[in-house]
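The primary structure of each chain is shown beneath.
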Amino acid sequence: VASTFAAGCYRRGGRTWALIGGAVMAGVAVSMRCDLVLVGVPYAAWCWLGAPRVPIALGAVVGAVAAAASVAASVAFDTPPWQAEAAAGIDDVPQYVWPEGEVFKFNAIEGKSVQWGKSPWHWYGTSALPKLLGAAAPLAALAVLAALVPVMGPRRMWYRVDIVPLCIAGVAVCLFSVLDHKELRFVLPVVPWVNLSAADTVAAVWSRRGKLRRLICGVVILGLLALQAAFFALHLAASRANYPGAAAIAQLHAHIDETRRSTTLNAA
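As the structure is a computational prediction, the values presented were derived from the model and not from experiment.

As a further point, take the overall build of the protein chain. On a plain count of helices and strands, the protein chain comes out with 11 helices and 0 strands. Along the chain direction, N to C, the helices and strands of the protein chain fall in the order α-α-α-α-α-α-α-α-α-α-α. A sequence separation of at least 24 residues applies to 68% of the contacts in the protein chain between residues at least 6 apart.

So this is what it looks like as structure tokens:
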């Protein structure tokens, strides 16, 4: 959600919205998802070097204030439940608890995330993202082509397509790929940025004159949406069959139904 909001701030443009998007990502990163920092790094680079031209000092102050406020809220909210467990003798916890800080320490500083498994460096690009992006993947690839064609050929062939969001997503994926432990959920924050470039591609093609071009564009988009829906249904069915928790819940429901039937028969 924070990454989607930041992508919306990027689309709005301007220094104020860029700072707001960065502040939201900084706050969420230190309180809920520390891996969002890897998306925040290229976003901060865009704020500094891109159109907003945010001064480094101003961006650092805004990010630090947002992060500090979020950490304070997290500690104030999360410490009492953990202290209650400590008082009950369930667990030994420090006086103040910052959960996301513990997560960052365990995964990044101590490097213990590999205990949950390792994946090759290219796993995100060759396996995770193609499954995650679906129909947005070919549109994003077309965005790259649309950006390169004016450099390699006649400019009249294409309208301008903004690939900065795709660059932000690409840098973030490269940073995620450095970590040995990889999960699909880690790269979810890059999806809004890829979708932004994919949407720009559709808008650029659709804005061209000619009924035939628009008809072809409409057919292609509808076809991609249909493929995406089929892709989603297929993965939903596979997830339903493969998820161990679902099997456990199904067995629980079967046990409850059997117990109810037995109780009804005994009562009769």
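What follows is about a nonpolar patch on the surface. Taken together, the side chains of Leu212, Leu215, Ile216, Val219 and Val220 make up a nonpolar region of the molecular surface, amounting to roughly 500 Å² of accessible area. Relative to the helices and strands, Val219 resides in helix α10 (residues 211-242). The class for Val219 is exposed, based on a relative accessible area of 54%.

This next bit is on the packing of aromatic side chains. On inspection of all chains with the given rule, the structure shows 6 aromatic pairs. Here the aromatic cluster, defined as three or more aromatic residues joined through ring pairs, consists of Tyr10, Tyr43, Trp46 and Trp193.

Across the interface, helix α1 (residues 2-12) lies against helix α9 (residues 191-206) with an axial gap of 9 Å and an inter-helix angle of 40°. Considering the angle they form, α1 stands oblique to α9. Taken together, the residues of α9 that come into contact with α1 (itself represented by Ser3, Thr4, Ala6, Ala7, Tyr10 and Arg11) are Pro192, Trp193, Leu196 and Asp200.

With that settled, consider the UniProt feature "transmembrane region" (unreviewed entry) in the protein chain. In the numbering adopted here, UniProt assigns the feature "transmembrane region" (unreviewed entry) to residues 20-44, 56-77, 132-151, 163-180 and 215-238. Taken end to end, residues 56-77 has its terminal C-alpha atoms 31 Å apart, with 100% of it in helix and 0% in strand. Helix and strand shares over residues 163-180 are 83% and 0% respectively, and the end C-alpha atoms of the span are 28 Å apart.

Side chains of a nonpolar character, in soluble globular proteins, are inclined to be buried together. Core analysis: the largest hydrophobic core is formed by 39 residues, its most contacted members being Val39, Tyr43, Phe176, Val190 and Trp193. Those elements that provide at least two residues to this core are α1, α2 (15-31), α3 (37-49), α6 (123-133), α7 (136-152), α8 (164-178) and α9. The element that contributes the greatest number of residues to this core is α8, accounting for 6 residues. Counting residues domain by domain, this core receives three or more from each of domain 1 (1-110) and domain 2 (117-207). Those residues in contact with Val39 that sit more than four places away from it in its chain are Ser3, Met25, Ile168, Ala172, Phe176, Pro189, Val190 and Trp193.

Contact geometry of α2 with α3 gives a least axis separation of 10 Å together with a crossing angle of 160°. On the basis of the axis angle, α2 is roughly antiparallel to α3. Judged by the sense of rotation from one axis to the other, the crossing of α2 with α3 is left-handed. Listed contacts from α3 to Trp17, Ala18, Gly21, Gly22, Met25 and Ala29 of α2 are Val37, Val39, Gly40, Tyr43, Trp46 and Cys47. Its residues assigned to classes, the contact of α2 with α3 comprises 9 nonpolar, 3 polar and no charged.

Once their charged atoms are close, side chains differing in charge can pair, the charge on each being opposite to the other. As enumerated under the stated definition, the model contains 5 salt bridges in all. A salt bridge links Asp200 to Arg11, with the nearest nitrogen and oxygen atoms 2.8 Å apart. In this pair, Asp200 is assigned in helix α9 and Arg11 in helix α1, connecting sequence segments 189 residues apart. For the salt bridge of Glu110 with Lys105, the shortest nitrogen-to-oxygen distance reads 3.9 Å. Residue classification places Glu110 among the partly exposed positions, given a relative accessible area of 36%. Connected via shared salt-bridge partners are Lys105, Glu110 and Lys112.

With that settled, the discussion passes to the environment of Ala51. Mapped onto the fold, Ala51 is located in the loop between α3 and α4 (56-87). Residue classification places Ala51 among the exposed positions, given a relative accessible area of 73%. A C-alpha to C-alpha distance of 8.2 Å links Ala51 and Arg15, two positions 36 residues apart in sequence.

About the cut-offs
Residues numbered from 1 in each chain as written. Predicted model: local features only at pLDDT ≥ 70, side-chain atom pairs only at ≥ 80, totals over all residues. Heavy atoms only, no water. Helix = DSSP H or I, 4+ residues; strand = E, 2+ residues; numbered from the N terminus. Contact = heavy atoms within 4.5 Å. Patch = residues over 30% accessible without salt bridge, like charges linked within 9 Å, V, L, I, M, F, W, Y side chains within 5 Å. Areas by Shrake-Rupley, 256 points an atom, 1.4 Å probe, with all protein chains shown as cover. Salt bridge = Lys/Arg side-chain N within 4 Å of Asp/Glu carboxyl O. Buried < 20%, exposed > 50% of the residue type's maximum accessible area, 1.4 Å probe, protein only. Phe/Tyr/Trp six-rings, centres within 6.5 Å; stacked < 30°, edge-to-face > 60°. Axes fitted to C-alpha atoms, helices over the stretch in contact; angles between N-to-C directions. Parallel < 35°, antiparallel > 145°, perpendicular 65-115°, else oblique. UniProt positions renumbered as here; feature names shortened; annotations may be inferred. Core = buried A, V, L, I, M, F, W, Y, C linked by side-chain atoms within 4.5 Å. Domains from an automatic or database assignment. Left-handed = near helix turned anticlockwise from the far one by under 90°. Nonpolar A, V, L, I, M, F, W, Y, C, P; charged D, E, K, R; others polar.

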